[in-house]
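# What the coordinates show
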Number of protein chains: 2
Amino acid sequence: MKRRELMASLPLLAAPGLRAQGLSAADEQFALRLREAALADTTLAYQLIEGLCTEVGPRPAGSANDARAVAWAQRELKRIGLANVRTDEVPVTAWQRGPASATLFAPHAQPLVMLALGNSVGTPDVGVDAELVYYPDLAALRADTTERAKGKLVFIDQKMERSRDGSGYGRAVMARIAGPVEAARRGAVAIAIRSIGTDRDRLAHTGAMRYDPAVARIPAIAVSVPDADLIARHHARGTPMRLKLEMRNTSGIRAMSANVLAEVPGTGLADEVVMIGAHLDSWDQGQGALDDAAGVGIVSAAAAHIMKLAKSSGVQPKRTIRVVLFANEENGFDGANAYGAKYKAVKHQLVGESDFGAGKIWRVRSRVAPDMAASVATLAQWLQPLGIEAGNNMGNPGPDAGVLMRANLWPGIELSQDGTNYFDIHHTDNDTLDKIDPATLPQNVAAWALAAWWAAQLPQSLGPPTL
Amino acid sequence: MKRRELMASLPLLAAPGLRAQGLSAADEQFALRLREAALADTTLAYQLIEGLCTEVGPRPAGSANDARAVAWAQRELKRIGLANVRTDEVPVTAWQRGPASATLFAPHAQPLVMLALGNSVGTPDVGVDAELVYYPDLAALRADTTERAKGKLVFIDQKMERSRDGSGYGRAVMARIAGPVEAARRGAVAIAIRSIGTDRDRLAHTGAMRYDPAVARIPAIAVSVPDADLIARHHARGTPMRLKLEMRNTSGIRAMSANVLAEVPGTGLADEVVMIGAHLDSWDQGQGALDDAAGVGIVSAAAAHIMKLAKSSGVQPKRTIRVVLFANEENGFDGANAYGAKYKAVKHQLVGESDFGAGKIWRVRSRVAPDMAASVATLAQWLQPLGIEAGNNMGNPGPDAGVLMRANLWPGIELSQDGTNYFDIHHTDNDTLDKIDPATLPQNVAAWALAAWWAAQLPQSLGPPTL
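Residues numbered from 1 in each chain as written. Chains lettered and ligands numbered in written order. Predicted model: local features only at pLDDT ≥ 70, side-chain atom pairs only at ≥ 80, totals over all residues. Heavy atoms only, no water.

What follows covers the pattern of salt bridges. Residues and elements named next belong to chain B. Taken as a whole, this structure holds 62 salt bridges over all chains when the rule is applied. Notably, a salt bridge pairs K150 with E147, separated by 3.9 Å at the nearest N-O pair. Measuring nitrogen to oxygen at the nearest pair gives 2.7 Å for the salt bridge that ties R202 to D227. Pair noted here: R202 is in the loop between β7 (190–194) and β8 (220–223) and D227 is in helix α10 (residues 225–237), with a separation of 25 residues, a long-range link. Of the two residues examined, R202 and D227, each falls in the buried class. (Salt bridge = Lys/Arg side-chain N within 4 Å of Asp/Glu carboxyl O. Helix = DSSP H or I, 4+ residues; strand = E, 2+ residues; numbered from the N terminus. Buried < 20%, exposed > 50% of the residue type's maximum accessible area, 1.4 Å probe, protein only.)

Rendered as structure tokens:
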């Protein structure tokens, strides 16, 4: 069917008659059985998450634990019955956290709970000891055309708002990513920011920052929210503050990592791929449970359920359904870039990634060719009993999948998880297995299985999306 | 009135006629106005807590910050209008935390979030590297008559239950206090315990432990709850575990601290004292906000409200109402012991302490002479509109006040706070100002003011209590 004809049939597509799109009765029956089986399985996804957190733990790209995670993933993806389990090597430039400490003098010493931001240089051996200059947010620093920050340590007190869709993160995170360069441009010798997080725990949130080759590389840290509050209270009193920072980090470590791939083989359209992904690496804090063992468990279990039902029913997917566990999402998207380069010529029907914790999915959004957007109604109909509402065609398929969508114009799917509490934990030492609620996993697995199955069986091509 | 006569009048006391006990109409009117004024004041207690957390911060006994806290308290108690502000020096034997790290090998390395227990010795310079032997709780260790722990590192996985009255702490805390000696008796080279806490944060809970002079002093640590979970998961898998511990602490530091005293002077019975206390010291983690800046703010504000109303109304308390901010509650009760020794001969009508965070008070319990227990009904009646229920005569007046009650047979009062969430934070880095809910403070201040006023005016002596 050409797109123009499909457009003409839109009213039909929104109605229950699924075969209007060319999905067979068998496809639909498979979907309903798949949903039932995935919802009934309360163990597989959690078991995978528990294994990765327990047997591997934190796994920053390029580390020994990252290599352990790659070995673990290959073993587990085979164990759960997926086919073509393999790795694609990914060279990474790793960054390694060293010992660090920060003390606030206001004027007497108070130790601060802090973490280096990812990619930050260390301090000179004697440390940095500088007057603290306070900015309420990144905008205030950007607006500063004076010499106020020169020779000082810039503090940005950027606050992050809690929200279900995580949009508060988008509004706050540039303080972390771009703050160091903005501070260095104004002659600052170091920068500290309020952690980009929604909690009140005495744990700092790390995360990547970027240097500008044309600007001095200054040490960059995040302090915990209660420590930022302390600085704000001293600032409100007008107390002069000094901060002493000692930090040793190592940048530019050449190392190898790998994307791990596994498949449910396709049949008639086996050369086309439906990619459901997650990332295997994590920050060095915590156990990378919500970020992103959860996604690893969810998409792996989703594919395993399709494989199992395909075997027992004799109905195989048309397209190949591929699980990709990406290398180094956290600090450079090396895995996504390598995957995009390697499989550029392979037609991808849909890409999506589970990387927003383990909360319940509340919405489905697509990013497909505008004239294919209405076709998502079928998937939305399958998802509706899971408490998932239909969204628009402005979906964001996740960090690695988003890189691929933009680079190769592959269509994307977003299964929006409830992220209300996600940024309490994100990139902190608190990202441990106990933060996973096993009760919300089956719904996630069922939704990803349905999305993959739908895309695999749809006769039409979903792309290219409009970016 | 003799006690026998009082007993005979019990039915009257439970009735609203307050003067049946000899409290005057003016006493009662004062109480009602006091309650109103304290409830209307939403700032004073919080201001004190904020000041101690911000301007001093953590203040372990004998430290430079402990001395700063003593100076801070004298200044603030004067500023809020109390009389006879002074210090009583208290020699303390301090313990200082040094750098520490612990790594679990199961078999590959996973870093543990841990803290030394208070008073723990350090490890030899090379550290301790030993096989971990798992005990589900202290009882299991105590029941072990084998040589299983010999040369090993004992791990006690004692879990603590959440409860409003904090009773879960009493049932779990001996694993921390007595576990090290029990492990050493069985030849263990070190001990680690699951943190005594109700949270799931990646923060360890410190707290005091005790050595037995007849048993080897082994290094003792608590790991965070998620780390204890990790150990338990490896144990469930049957994975052999080794733990490497490096720790430097300093014990036996001779230092001076002080109790800080302030008063609302009495009149007719000015030689008798009603003592409302809190402790000024804290552990070295966090800011000592809930433990016990909260109590410092609450009892100081309570006394300040009595002073203010006494001045404006011209009605003075009969007995002296004394605020005592105790030294070194956390690690030896040095302040309480020094106070008890110094004021042994001074008649104390009542002692009580606010040291259970900043939660709402839900109950009043006394520990007075059995034949005076019924007199507490008057106080309970005043407290009832604050949502406080009447309890029995088995009250625990708090840690320092409890020491004094037992040592000198002084009667005690317990204003039971809701401690449901207290042990999420207790003795961790998370004990920071943001954990204080300013909304619950006025009720606490009002209750302590009423208790002090009641005891100051009651014609009868409340003691001695039955222990």
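This paragraph deals with the pairing of strand β9 (residues 242–247) of chain A. Residues and elements named next belong to chain A. The side-chain alternation of β9 yields one buried face, formed by L243, L245 and M247, and one unburied face, formed by R242, K244 and E246. Bridging between strand β2 (residues 100–105) and β9 involves six bridges; their strand directions are antiparallel. If you follow F105 over to β9, its bridge partner there is R242. Relative to β9, strand β5 (residues 128–135) runs antiparallel, the two sharing four bridges. (Pairing = 2+ DSSP bridges.)

Time to look at the packing of aromatic side chains. Residues and elements named next belong to chain A. Under the criterion given, the structure shown has 20 aromatic pairs over all chains. Relative to W283, the ring of W95 lies with its centre 6.4 Å away and its plane at 80°, an arrangement referred to as edge-to-face. With a gap of 188 residues between them, W95 in strand β1 (residues 83–96) and W283 in the loop between β11 (269–279) and α11 (289–313) connect regions that are remote in the sequence. Side by side, W95 and W283 carry an identical accessibility label, which is buried. Considering the side-chain rings of F326 and Y339, the 5.9 Å spacing of their centres and the 75° angle between planes classify their relative orientation as edge-to-face. (Phe/Tyr/Trp six-rings, centres within 6.5 Å; stacked < 30°, edge-to-face > 60°.)

Turning to the sheet that holds β8 of chain B, a few remarks are in order. All names here are of chain B. Pairing is mixed in the open sheet, where eight strands are placed in the order β3-β2-β9-β5-β6-β7-β8-β4. Each end of this open sheet is capped by a strand with a single partner; those strands are β3 (109–112) and β4 (114–116). The average undirected angle you get between the axes of adjacent strands in this sheet is 30°. As defined by bridge partners, strand β6 (residues 153–156) adjoins β7 across four bridges and the pair is classed as parallel. Each bridged residue has a counterpart across the sheet, and for F155 the counterpart in β7 is A192. On the sheet, α10 packs against β2 (100–105), β3, β5 (128–135), β6, β7 and β8 and is oriented at approximately 145° with respect to β3. (Axes fitted to C-alpha atoms, helices over the stretch in contact; angles between N-to-C directions. Contact = heavy atoms within 4.5 Å.)

None of the figures reported here should be taken as evidence of function without further support.
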